Amino acid sequence: LVYMAVMTIRVVSVSVKLLVAVLALDVAVVTVIVALVSVELVVVLVVAITFAFAALVLDVAFMAVRVVLVSVEVVAVLVVALTVVTMLDLAVDTVLVVLVFVELEAVLDVAEL
């Protein structure tokens, strides 16, 4: 009877030790899982911040392209305006030359008289 009591105590002791070891292992696994989830959250945040920064950089790049395109458009409008003014100036100069020739012919006609 004493032997059975001692063996029961040993079995219970081993069972309690195994239970404590399993619980410690379970706590360790849960700790690792929490650490992995924390790392995953940090990675997700870093990726989200990286994508947000990339989107901001792309937005700035698109704004720069828009500014360049508007500048090119302004330059094109100025070139067209300058061309139109130059053509008008040439037309006025042509009219003036024709008027000078007409005036010279009139003077020569008067001189012949």
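The structure displayed is predicted, hence computed values, not measured ones. Position labels on residues start from 1 in each chain and follow its written sequence. Confidence filtering applies because this is a predicted model: local features only for residues at pLDDT of at least 70, side-chain atom pairs given and counted only at 80 or more, and all residues used for totals across whole chains, interfaces and linings. Heavy atoms throughout the structure, all of them, feed into the side-chain values; hydrogens and water do not.

A. Molecular detail of the overall build of the chain. A helix here means a DSSP run of H or I that spans at least four residues, while a strand means a run of E at least two residues long, and both kinds are numbered starting from the N terminus. When helices and strands are tallied, the chain shows one helix and zero strands. It is over C-alpha atoms that the radius of gyration is taken, and the globule rule equals 2.2 Å times the number of residues to the power 0.38. Taken against the 2.2 N^0.38 rule, which gives 13 Å for 113 residues, the C-alpha radius of gyration of the chain at 48 Å runs more than 25% over that of a compact globule. For the chain, the spread of C-alpha atoms along the three principal axes comes to 165 × 10 × 5 Å. Only protein chains enter the accessibility calculation, which uses a 1.4 Å probe; a residue whose area is less than 20% of its type maximum is buried, one above 50% is exposed, and one in between is partly exposed. Looking at the 113 residues of the chain, the share that counts as buried comes to 0%. In the structure as shown, the chain presents an accessible area of about 10100 Å², 84% of it carried by carbon and sulfur atoms. Note on areas: Shrake-Rupley with a 1.4 Å probe; residue coverage comes only from the protein chains shown.

B. Looking closely at the environment of Val 84. In this structure, Val 84 sits in helix α1 (residues 2-112). Separated by 65 residues in the primary sequence, Val 84 and Leu 19 place their C-alpha atoms 96 Å from one another.

C. Layout of a nonpolar patch on the surface. Together, Leu 25, Val 29, Ile 33, Val 37 and Leu 41 line one region of the surface with nonpolar side chains, adding up to about 450 Å² of accessible area. Examined against the element boundaries, Val 37 turns out to sit in helix α1. Note on Val 37: relative accessible area 40%, which makes it partly exposed. Think of a patch as exposed residues, more than 30% relative accessible area, with no salt bridge, where like charges cluster within 9 Å and nonpolar side chains (Val, Leu, Ile, Met, Phe, Trp, Tyr) cluster within 5 Å. Here, a salt bridge means any Lys or Arg side-chain nitrogen found within 4 Å of an Asp or Glu carboxyl oxygen.

Geometric descriptors of this kind do not, in isolation, establish any biological role.
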